[in-house]
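Coordinate inspection notes
So you can see what is in the structure, the chains are spelled out below.
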Amino acid sequence: MINRLIQNIREKNAPVVVGLDPMLSYVPESIQRKAFHQYGETLEGAAEAVWEFNKEIVDATFDLIPAVKPQVAMYEQFGVPGMAVYERTVSYCQSKGLVVIGDVKRGDIGSTSEAYAVGHLGHVKVGNKEYSGFHEDFATVNPYLGSDGINPFIKVCREEKKGIFVLVKTSNPSSGEFQDRLVDGKPLYELVGEKVAEWGREAMGDEYSYIGAVVGATYPEQGRMLRKIMPKTFILVPGYGAQGGKGADLTDFFNEDGLGAIINSSRGIICAYRKEEYAEYGEDHFADASRAAVVDMIRDINSALEAVR
């Protein structure tokens, strides 16, 4: 799947991923009213509104982007109907040729980790049959429990030819409370990066490992260091746009081949219609605003990469 992701990035000349992280408050009133008219102000109604919102954004942007990243918590909050829409979103995006990165941040040990890996990336056996539950192409994984939590995912990735992105240095302001703490003279995130590179050497695609890393756009200096520590690791970079990252800050996340990183924007894309620069589209044309924001994001990142080559 890492080969497929790289192929999509090359074909579209767009090292970007759109985060499908919809709070109900992001969904235009017209879509909410329609869903509530059909299902009432229920979990089913909320999930339907999220589905219609997602579908329009995907329809407006799929030809420009290589991948999407739905954040599972935004769907879990609506219970079983929300999780059904999560799977529906994954399936729809895959039908459009997009690679799907399930932002599930799972992390546990033993049979629990195995179950998470099977549920999101693998096949579960039921009698004499096998089923693929949420069937994302990649999943995000928390490494805090060590190799016991990661190895079950690597095993499933080998079987299914899929991949994971391991949290290394996250984009949130308080990430340094633990991730920057020194251990034997090195910040913890650096030690995690070394471990990700080690896992990755045993799990290579054609050019890059299918064991990737998550490094926030809000920490470009750390990204520069981690790029050197993990030369064959693809880096998922959240934090563009709404969290302050911009193209000029992100060039060090990439290798000299122009690959090695994929930049995520969530609110900056799906809520673009609320931003001043896209206000002309209005709420009724929110998906067109999202498309315009994607075009601008791709231009910003590619221009920054061209400037340093």
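What you see is a predicted model, and the numbers here were worked out from it, not measured in a lab.

With that out of the way, let us pick up the pattern of salt bridges. Under the definition given, this model contains 16 salt bridges. One salt bridge in this structure joins Asp-180 and Lys-169, with 2.8 Å as the shortest N-O distance. With Asp-180 in the loop between helix H8 (176-179) and strand E8 (182-183) and Lys-169 in strand E7 (residues 163-169), this pair connects stretches of sequence that are 11 residues apart. A salt bridge links Glu-277 to Lys-275, with the shortest nitrogen-to-oxygen separation between them at 3.8 Å. Through salt bridges with shared partners, a single network forms among Lys-55, Asp-59 and Lys-96.

The contact between helix H3 (residues 43-61) and helix H12 (residues 286-307) brings their axes to 8 Å, and the two run at 45°. Looking at the two axes, H3 sits oblique to H12. Between H3 and H12 lies a crossing of right-handed hand. Across the interface between the two elements, Phe-53, Glu-56, Ile-57, Ala-60 and Thr-61 from H3 touch Phe-286, Ala-287, Ser-290, Arg-291 and Val-294 from H12.

Residues Leu-5, Leu-20, Ile-164, Val-196, Ile-211 and Phe-234 are the most contacted members of the largest nonpolar core, which totals 99 residues. With 10 residues, the top contributor of residues to this core is H12. Once residues within four sequence positions are removed from consideration, Phe-234 is found in contact with Ile-2, Leu-5, Ile-6, Ile-9, Phe-165, Tyr-208, Gly-212, Ala-213, Leu-259, Gly-260, Ala-261 and Ile-262.

What the eight strands build is a closed barrel, ordered E1-E2-E3-E6-E7-E10-E11-E12; its pairing is parallel. As defined by bridge partners, strand E3 (residues 99-106) adjoins strand E6 (residues 138-141) across three bridges and the pair is classed as parallel. By the bridge assignment, Arg-106 is partnered in E6 with Val-141. Of the strands in this sheet, strand E2 (67-68), E3, E6, E7 and strand E12 (261-265) touch helix H1 (residues 2-12), which is tilted by about 125° from E3. Its contacts with the sheet put helix H9 (residues 188-201) on E7 and strand E10 (211-215), and the angle it makes with E7 is roughly 160°.

Attention now moves to a nonpolar patch on the surface. Residues Ile-109, Tyr-144 and Leu-145 make up a contiguous nonpolar surface patch of roughly 340 Å² in combined accessible area. By the element assignment, Tyr-144 lies in the loop between E6 and helix H7 (147-160). Given the relative accessible area of 70%, Tyr-144 is considered exposed.

Cut-offs applied
- Residues numbered from 1 in each chain as written.
- Predicted model: local features only at pLDDT ≥ 70, side-chain atom pairs only at ≥ 80, totals over all residues.
- Heavy atoms only, no water.
- Salt bridge = Lys/Arg side-chain N within 4 Å of Asp/Glu carboxyl O.
- Helix = DSSP H or I, 4+ residues; strand = E, 2+ residues; numbered from the N terminus.
- Axes fitted to C-alpha atoms, helices over the stretch in contact; angles between N-to-C directions.
- Parallel < 35°, antiparallel > 145°, perpendicular 65-115°, else oblique.
- Left-handed = near helix turned anticlockwise from the far one by under 90°.
- Contact = heavy atoms within 4.5 Å.
- Core = buried A, V, L, I, M, F, W, Y, C linked by side-chain atoms within 4.5 Å.
- Buried < 20%, exposed > 50% of the residue type's maximum accessible area, 1.4 Å probe, protein only.
- Pairing = 2+ DSSP bridges.
- Patch = residues over 30% accessible without salt bridge, like charges linked within 9 Å, V, L, I, M, F, W, Y side chains within 5 Å.
- Areas by Shrake-Rupley, 256 points an atom, 1.4 Å probe, with all protein chains shown as cover.

Just distances and angles here, no functional claims.
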